[in-house]
Amino acid sequence: GNDNIVNSTFKFFLQFRDETTGIIEANPTIDVYNKTLNNSCDATAREVQQIQTSTVDTYGAGRDDHVSSLLYFSLVFYTQDGDAQETETIYANPEGGDCEVVAYSIGNALEALDSLEDISVSYTGFVDDESCTWRVTFNDQSGNIEPMAIKVQGGANTGASSSGFWGDDTIAITTIRDGTVDAIKYELEQLTTIGVVTVSSGEQLADGGCQWRVTFETNTGTLEDGGALTNLTVASVIDNNGTMGVFSNKAIAWPDSSDSISICKEPSECIQGTSVHLGGQFTVSFRGYRTLYVDHDVSARGMKEALELLPTIERVDVSRVGPDENYGYTWQVTFLTELGDVPPLYVDIQGMTGTAPWSRTYERDIGVFPPFDSLDPQNGLPLGSTSITSLDDLSIHITELEQGIPYYFRVSALNANGQGPSSLASPAYAVPLPQSPTAPTGVSLTVVDGGSLSVATMAPERDGGEEIDRYRVQYATSQFAQEVQAIRVTCDVEPEIQVIETSCEDIDEIQIVHAKLSDDYNGLDHSEVQSVTCDATSGSFTLTIFDETTADIYYNDDASTVNARLQELSRLNHVNVSFEDGMTTVCNECTSASCPSFNVTFLDVEGASGEMPMLEPYINGLNGNRRITVKEVIKGQAGLSGSFKL
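For clarity, every value in this text was computed on a predicted model and none was experimentally measured. (Residues numbered from 1 in each chain as written. Predicted model: local features only at pLDDT ≥ 70, side-chain atom pairs only at ≥ 80, totals over all residues. Heavy atoms only, no water.)

**Description of helix H4 (residues 559–567)**
Here is the rule we go by: Partly exposed describes any residue whose relative accessible area lies between the buried limit of under 20% and the exposed limit of over 50%, with all areas from a 1.4 Å probe on protein chains only and scaled to the type maximum. Each helix is a run of H or I in the DSSP string that is no shorter than four residues. Each strand is a run of E no shorter than two, and both are numbered from the N terminus. Arc, as used here, means the arc of the directions from the helix axis to the C-beta atoms. We call two residues in contact whenever any of their non-hydrogen atoms come within 4.5 Å of each other.
Among all positions in H4, only Ala-559, Val-562, Asn-563, Arg-565 and Leu-566 are buried. Relative to the axis of H4, the buried residues are bounded by an arc of 160° and lie together on one face. Its buried side turned inward, H4 meets strand E30 (538–545), strand E32 (553–554), strand E33 (572–579) and strand E34 (598–605).

This is how it looks when you write it as structure tokens:
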């Protein structure tokens, strides 16, 4: 740089297989105040995020001028894998502005999460409004981690976000300092195309420059490239908004163009890998039967179909996760009909390609065999049992079962020497549900006379669980069609191919599109106006719109106060409240003849224009007649804008 030191503002991105990292500092070890070097390329800055409470002084409106002791929140921490972990509830002001107590609670709550062990929390506060500022340092986290989110009052207003409010109190989270420890390793391992990397560095150069070696511990290359990986590319940050430049093997710094960063500046600096990623096919065996060969990246549905073709498997559910950095996948197989602790699936990878392919089968959940002791578990008595004594008909009809409950059955044989082992039914279970009757039996047809026939029938073997109350007899004058199935035997032929060429004149088609608006739409933009009438002698009320509710509006508030209460809502940027001539308070004791009202004009609403939803009053806090009516005086209309697609 101009001061013979690599500029501390030099930042860059890395890209690998079309995935891009976050921003990385090129010289994070420089002392930016003294412009001296730390003689090391190992960054030491830990991530610091700030939590701050604030309040609005509403004492004059009957509220308060300090952060409420009832205000509470929880923090949401996002791990490197993208999982969200939420802390227990933390009260923001339990001890009248004592920020140290809350700092202790924040640290304990974060360290109770699975992913955090070493947290430091500093604080400032003890001000009149009892607000506090806490700074959280993540001592055991590498790189520039995701900002935490906050849920105020259980997320009732805004859910998990960077800030939240309750009444006139607000809590917000901001990042004070991005973490730089192991930043290159952290950012690269965030990419789905990279597994594990080792990043090593040497001593810092005289100009503050550094050289890092990135070793891809688990990534493999392609067979066509002899195992060589696609090189990393780099792009510098080119403005204060974090915009990235063009990716290549070299990036020029901004704003100091005398600084740069290169990937494999000299060919000898980089060593190409020789490992090749996965490919080919494999088979899966279960209880002595093997599937057909399936591709190394077979879909979940393809794996399910292959397994269910085996005679030892009836039905499974399969889900797939992947690919990983080497195009490997993980399939999760749930056995739906093979009960108990089944033997593991065996994978034959002889047909796989790539460097040292391997597979592993492990039990995520061990299957539990039906105990058949639910009637009396202590003595091992089953829910029910019966015996088949007629050896000519080895079947039995079980009745009085509960509808919609799966029942498992097993059968064992007995002789004079005792009871043998049991076999499960196939399928292993069935669910009794209402059924239609089976076909009637013994249907006969006889001639009565020249114009009559007699049909007689016997009841079906099964009534489907309901009493049969009638039979349907159908007849026709033509014979019922019998099914005919054709069997065809073919042989391979060499088809003749004849080429037919046609030509035609190319005529472009022209279509006219007429976009027609409603006949009563004039295209003008005007604001919604709603009239509010309050008939009460004391107390307070609230107004709700867009699922947000104002602070209390008291019966004797003036127009400016009502205007302020409405504009406290996050989506109402600008409204205008005007009283009728002679009105001085928002509520009045009305006569039967008339009652004054005030108008609310919606001038600027976040994310909405034109017609607005009606204001909804809540009047339980009012006294007197306790009556509020809301009417639409002028329906809002948005100007013509937008686009359409064909």
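**Quick notes on the pairing of strand E28 (residues 452–458)**
Selection rule: DSSP-based pairing: two strands are paired if at least 2 bridges between them are found.
Pairing of strand E27 (residues 441–449) with E28, which is carried by six bridges, proceeds in the antiparallel orientation. Among the inter-strand pairings, Ser-444 is bridged to a residue of E28, identified as Ala-456. Connecting E27 to the next strand, E28, in antiparallel fashion are two residues.

**Some details on the environment of Ser-122**
Residue placement: Ser-122 occurs in strand E8 (residues 119–124). In this structure Ser-122 comes out as partly exposed when scored by relative accessible area, which is 41%. For Ser-122 and Gln-15, which are 107 residues apart along the polypeptide, the C-alpha to C-alpha distance reads 36 Å. Once residues within four sequence positions are removed from consideration, Ser-122 is found in contact with Thr-133, Trp-134 and Arg-135.

**What to know about the state of the cysteines**
Formally: Throughout, a disulfide means two cysteine sulfur atoms within 2.5 Å of one another.
A complete count under the given rule lists four disulfides for this structure. Paired through a disulfide, Cys-99 and Cys-132 show a sulfur-sulfur distance of 1.8 Å. Note on the Cys-99 and Cys-132 pair: the S-S dihedral is about -80°, so by sign convention the disulfide is left-handed. Of the two residues, Cys-99 is situated in helix H1 (residues 99–111) and Cys-132 in the loop between E8 and strand E9 (133–138); the sequence distance between them amounts to 33 residues. Bridging Cys-590 to Cys-595, the disulfide has an S-S length of 1.6 Å. Given a relative accessible area of 12%, Cys-590 falls into the buried group.

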